[in-house]
Each structure stands twice: as C-alpha cells, then as structure tokens.
Amino acid sequence: MASTRSRNLAALTLATALLATLAPATASAAVIAGPYSTQRTDAPPVKVRGEVDQPRSFSMDRLRALPQHTVRVRYQTSHGAEKHTFTGPLLADVLALAKPRIDTEAKNAQLRLFVTATGSDGYRATVAWAELDAGFSGKKVLLAVAQDGKKLDKEGPRLVVPGDVKGGRYVSGVVRLYVGNADAVDPA
Ligand SMILES: Nc1nc2c(c(=O)[nH]1)N[C@H]1C(S)=C(S)[C@@H](COP(=O)(O)O)O[C@H]1N2
Ligand SMILES: [Mo]
C-alpha cells in the first residue's frame, strides 16, 4: 500500500515538474501572434449609421480607394501646440456612399444634419453638416488614414477638422459615424 502511494506521489511530482517546464513554453507560444491569435492588429472598419439609406462599413483600404486629400493643420492640446499633415478621403465623400437622408422639401434641408464621430475609447465629437459640405464651408473635413506620412491602420482613421483652434474634434480611432437630423431630436 505504502509503495503504491509513494509511486503515485512520485508520478504526481514528475507530472508537476513536467507541467512547470511546459507552462512557460505554452505561455510564450500564446504571446506570439500566430494565425490563431485573437490579438487585434488592425482597427475594425468604420460603421456609418443613423439617418442614412445605406448603412455601411469602411475598411482602411476602402477609405484609401476614395479620392485622397492632404491638409496641414495646427491645434492646441493639453500637452502643447501640434502641427500635423493628414491624408485621407473627405468625410463628405465617405458619407455620400451611405446615402444620407436629406429632406428635399425643407429649405437648405442638409443644414439640419450633423455627424458624430466615436472613437474606440468612446470619445465623441460632432460636426455640423455645413462644416463638411463643400457648398457651405471652405474647409476640408477629412477621415484621415495617415498622419505625418504614417498609416493609421493599427489605430484606425482620424477625424480632421481644419481651422479648429483646439484638437478636441480630432477624434482618433474612429469606429462609428452617426448621421443625425435636428428634426429627430427637436421636432419643430
Ligand atoms: N479617441 C480619442 N480621440 C481624441 C481624444 C480622446 O481622448 N480620444 N482627445 C482629443 C483631444 S482633447 C485632443 S487635444 C487631441 C490630441 O491630439 P494628439 O493626440 O495629436 O495630441 O485628440 C483628440 N482626439
Ligand atoms: Mo484636448
């Protein structure tokens, strides 16, 4: 009986020792991003939702397939002044593909719309439609895919609002664009 118990104990000790040597190897193998890794390396596509007839999503490649614009901007942040060059499609061109609902009856109906960009961290900022509409505003509001020549594939696209003194509306890691209509939140 005693010998069986000691044999079992020996087997258990051996198994524990084996596990101890295997465990670090297993753990480090999981850290290496292989084909079965669940680690996300690229940003998810940007969803366009709200007052649009064709809700859709845009990958970074899809955003790059649209006409590209480059703007040089400066803005203030809590950590000082910044100067950057951004490249990407016009936000207006991205949204047009989702067919925003514009009531053609009302005078200047597009001026009732707004767009809220949400970052992966939940940070949000809103632009009025007139700000991104070339017919009303002279500035190029972009959904940038590159900053200072570096692709934003890992972080996701960034809202660029030239002319803003503060950087607060330069939402980074945009995951969602919501098209809203003032009539929906404030019926006249
Ligand atoms: N997703 C996300 N975007 C964000 C913020 C944030 O907290 N989350 N902060 C904003 C603020 S307050 C500023 S001033 C700028 C800072 O820009 P920088 O990262 O180029 O310094 O990013 C803006 N974009
Ligand atoms: Mo800021």
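For the structure, check the block above.
Residues numbered from 1 in each chain as written. Chains lettered and ligands numbered in written order. Predicted model: local features only at pLDDT ≥ 70, side-chain atom pairs only at ≥ 80, totals over all residues. Heavy atoms only, no water.

A few points about the sheet that holds strand 4 (residues 80-88)
1) Next: With antiparallel pairing, the 4 strands of this open sheet are ordered in space as 3-4-8-9. Each of the sheet's edge strands pairs with one partner strand only, and the pair in question is strand 3 (69-77) and strand 9 (150-151).
2) Next: Bridge analysis of strand 8 (residues 146-147) against strand 9 gives 2 bridges, and the strand direction is antiparallel. Residue pairing in the sheet places Ala146 in a bridge with Lys151 of strand 9. (Pairing = 2+ DSSP bridges. Helix = DSSP H or I, 4+ residues; strand = E, 2+ residues; numbered from the N terminus.)

Section: the side chain of Gln147
1) Next: Considering the arrangement of structural elements, one finds Gln147 in strand 8.
2) Next: Side chain to side chain, Gln147 and Arg158 meet in a polar contact 3.1 Å long.
3) Next: Residues contacting Gln147, with those up to four places away along its chain left out, are His84, Thr85, Phe86, Leu152 and Arg158. (Polar contact = N/O pair within 3.5 Å; in protein donor to acceptor, adjacent residues only side chain to side chain. Contact = heavy atoms within 4.5 Å.)

A look at unusual backbone geometry
1) Next: Non-glycine residue Lys99 carries a positive phi angle of around 55 degrees.
2) Next: Position of Lys99 among the secondary structure elements: in the loop between helix 3 (91-96) and strand 5 (113-119).
3) Next: The exposure class assigned to Lys99 is partly exposed, which follows from its relative accessible area of 41%. (Buried < 20%, exposed > 50% of the residue type's maximum accessible area, 1.4 Å probe, protein only.)

So, the site of ligand 1
1) Next: With respect to spatial proximity, 13 residues lie near ligand 1, and among them Tyr75, His79, Glu82, Asp121 and Tyr170 are the closest.
2) Next: One nitrogen or oxygen atom from the side chain of Glu82 is found 2.4 Å from an oxygen atom belonging to ligand 1.
3) Next: Contact between ligand 1 and Arg158: an oxygen atom at 2.9 Å from a side-chain N or O atom of the residue.
4) Next: Burial of ligand 1 by the surrounding chains reaches 71%, relative to a free accessible area of 530 Å².
5) Next: Given that more than half its atoms are within 2 Å of the pocket grid, ligand 1 belongs to the largest pocket.
6) Next: Considered class by class, the residues forming the shell around ligand 1 number 4 nonpolar, 6 polar and 3 charged. (Near = heavy atom within 4 Å. Areas by Shrake-Rupley, 256 points an atom, 1.4 Å probe, with all protein chains shown as cover. 1 Å grid on protein atoms, 1.4 Å probe; cavity = no way out; pocket = protein on both sides within 12 Å on 5 of 7 lines; lining within 4 Å. Sits in = over half its atoms within 2 Å of the grid points. Nonpolar A, V, L, I, M, F, W, Y, C, P; charged D, E, K, R; others polar.)

Concerning the sheet that holds strand 11 (residues 174-181)
Each strand in a sheet pairs with another by means of backbone hydrogen bonds, the pair being arranged parallel or else antiparallel.
1) Next: One open sheet holds the 5 strands; their spatial order is 2-1-11-5-6, and the pairing between them is mixed. Bordering the open sheet on either side are strand 2 (56-58) and strand 6 (124-128), each of which pairs with just one other strand. This sheet shows a mean twist of 20 degrees between the axes of neighbouring strands, independent of strand direction.
2) Next: Summarising the sheet, strand 1 (residues 46-50) and strand 2 pair through 3 bridges and their orientation is antiparallel. (Axes fitted to C-alpha atoms, helices over the stretch in contact; angles between N-to-C directions.)

Any functional reading would require information that these geometric values do not contain.
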